[in-house]
Amino acid sequence: MTRIQEVEFRDLDGLGHVNNAVYLSYLESAKVQYFREVVGAGNLGELGIVADAKIAYRSPAFFGERLEIGVRVGRVGTKSVEFEFEIRGPDGRLVAEASSVHVAFDYASREPIELPEEWKRRIEAHEAERLAPR
């Protein structure tokens, strides 16, 4: 799945490129879009929590650029999903590579829970379709 993210003025640091901390917001927006479109989950109470996030910056992004954020699930576990991201500039250059681990979470008990079977089924179907030869 791909999300387009336009770089806003507020995203910049003093050097005129996207501040490193802003990329996590970009990834979060792409992940929420994935949850809505693929999993069918959009309610904040059912989305769970981020347990880990890593970003490797490859080249700067600048004001007004429309970044393409590719997102896919690399692994589905019992209680977690590992997302993989790739951010590219409008010229195709690699801006960043990232991953995050997302855990299903019960806010009442404050404990991780098993991923809903429906989530697993939808994610696996989407990823299999994405990788199928055309």
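Quick caveat, the model's predicted, so the values are computed rather than measured.

Draft legend 1. Fine view of the overall build of the protein. The helix and strand tally for the protein stands at 2 helices and 7 strands. Each helix (α) and strand (β) of the protein, taken in turn from the N terminus, gives the series β-α-β-β-β-β-β-β-α. Taking 14 Å as the expected radius of gyration for a compact globule of 134 residues, we find that the protein reaches 16 Å, a close match to that expectation. Its C-alpha atoms give the protein principal-axis dimensions of about 45 × 40 × 20 Å. Relative to its 134 residues, the protein shows a buried fraction of 37%. Long-range pairs, those at least 24 residues apart, make up 64% of the contacts in the protein with a sequence separation of at least 6. When the accessible surface of the protein is summed, it comes to about 7700 Å², and 50% of that surface belongs to carbon and sulfur atoms. For the protein, the separation between the mean place of its 18 positive charges and that of its 23 negative charges on side chains is 1 Å.

Draft legend 2. Spotlight on the layout of surface pockets. Size it by volume and the largest pocket reaches roughly 200 Å³. Residue lining of the largest pocket: 11 residues in total, with M1, G70, V71, R72 and E86 positioned closest to the centre. Those elements giving two or more residues to the lining of the largest pocket turn out to be strand 3 (66-76) and strand 4 (80-88). For the lining of the largest pocket, the residue count by class is 3 nonpolar, 2 polar and 6 charged.

Draft legend 3. Geometry of the nonpolar core. By size, the foremost hydrophobic cluster in this structure holds 30 residues, and its most contacted members are Y26, Y34, V39, F83, F85 and I87. Secondary-structure elements contributing two or more residues to this core are helix 1 (22-39), strand 3, strand 4, strand 5 (94-103) and helix 2 (117-131). Ranked by residue count, the leading element in this core is helix 1, at 9 residues.

Draft legend 4. Representation of unusual backbone geometry in the model. A positive phi angle, near 60°, is found at R110, a position not held by glycine. Position of R110 among the secondary structure elements: in the loop between strand 6 (105-106) and strand 7 (111-112).

Draft legend 5. The sheet that holds strand 3, seen in detail. In spatial order, the strands read 1-3-4-5-2; together these 5 strands make up an open sheet with antiparallel pairing. Bordering the open sheet on either side are strand 1 (2-6) and strand 2 (49-57), each of which pairs with just one other strand. Taken over all neighbouring pairs, the strand axes of this sheet differ in orientation by 20° on average, direction set aside. Note that strand 2 and strand 5 share 8 bridges and pair antiparallel. Counterpart to K54 in the pairing with strand 5 is S99.

Draft legend 6. Looking closely at the side chain of Q33. Looking at the element boundaries, Q33 is found in helix 1. A relative accessible area of 15% means that Q33 is categorised as buried. Residue contacts for Q33: discarding those within four places in its chain leaves M1, T2 and R3.

Draft legend 7. Quick look at the side chain of R93. Looking at the secondary structure, you find R93 in the loop between strand 4 and strand 5. Every residue in contact with R93, bar those within four places of it in the chain, is listed here: S59, P60, A61, F62, E65, I87 and R88.

Rules used throughout
- Starting from 1, residues in each chain are numbered consecutively following that chain's sequence as written.
- Under the rules for a predicted model, residues below a pLDDT of 70 receive no local features and side-chain atom pairs below 80 are neither given nor counted, while totals for whole chains, interfaces and linings still include all residues.
- Note that water and hydrogens are dropped before the side-chain values are worked out from all heavy atoms of the structure.
- Only DSSP runs of H or I covering at least 4 residues are called helices, and only runs of E covering at least 2 are called strands; the numbering of each starts at the N terminus.
- Only the C-alpha atoms count toward the radius of gyration. The rule for a globule is 2.2 Å times the residue count to the power 0.38.
- Burial classification: accessible surface area is computed with a 1.4 Å probe over protein chains only, and a residue below 20% of its type maximum counts as buried, one above 50% as exposed, and the rest as partly exposed.
- In what follows, residue pairs with any heavy atoms lying within 4.5 Å of each other are defined as contacts.
- Surface accessibility in these figures is a Shrake-Rupley result with a 1.4 Å probe; residues are shielded only by whichever protein chains are displayed.
- Working convention for charge: Lys and Arg count positive, Asp and Glu count negative, and His plus the chain ends are omitted.
- The atoms used to mark charge sites are NZ of Lys, CZ of Arg, CG of Asp and CD of Glu.
- Cavity and pocket criteria rest on a 1 Å grid covering protein atoms alone: a 1.4 Å probe that fits but cannot get out defines a cavity, protein on both sides within 12 Å along at least 5 of 7 lines defines an open pocket, and an atom within 4 Å of a point defines a lining residue.
- Grid points are joined across faces, edges and corners, and a volume is the space filled by probe spheres set on the points.
- All residues other than Ala, Val, Leu, Ile, Met, Phe, Trp, Tyr, Cys, Pro, Asp, Glu, Lys and Arg, Gly among them, are scored as polar; the first ten of these are nonpolar and the last four charged.
- Put simply, buried Ala, Val, Leu, Ile, Met, Phe, Trp, Tyr and Cys residues joined by side-chain atoms within 4.5 Å make one nonpolar core.
- DSSP calls a pair of strands paired once it identifies at least 2 bridges connecting them.
- Axis definition: a line fitted to C-alpha atoms, over the contacting stretch in the case of helices. Angles run 0 to 180 degrees between N-to-C directions.

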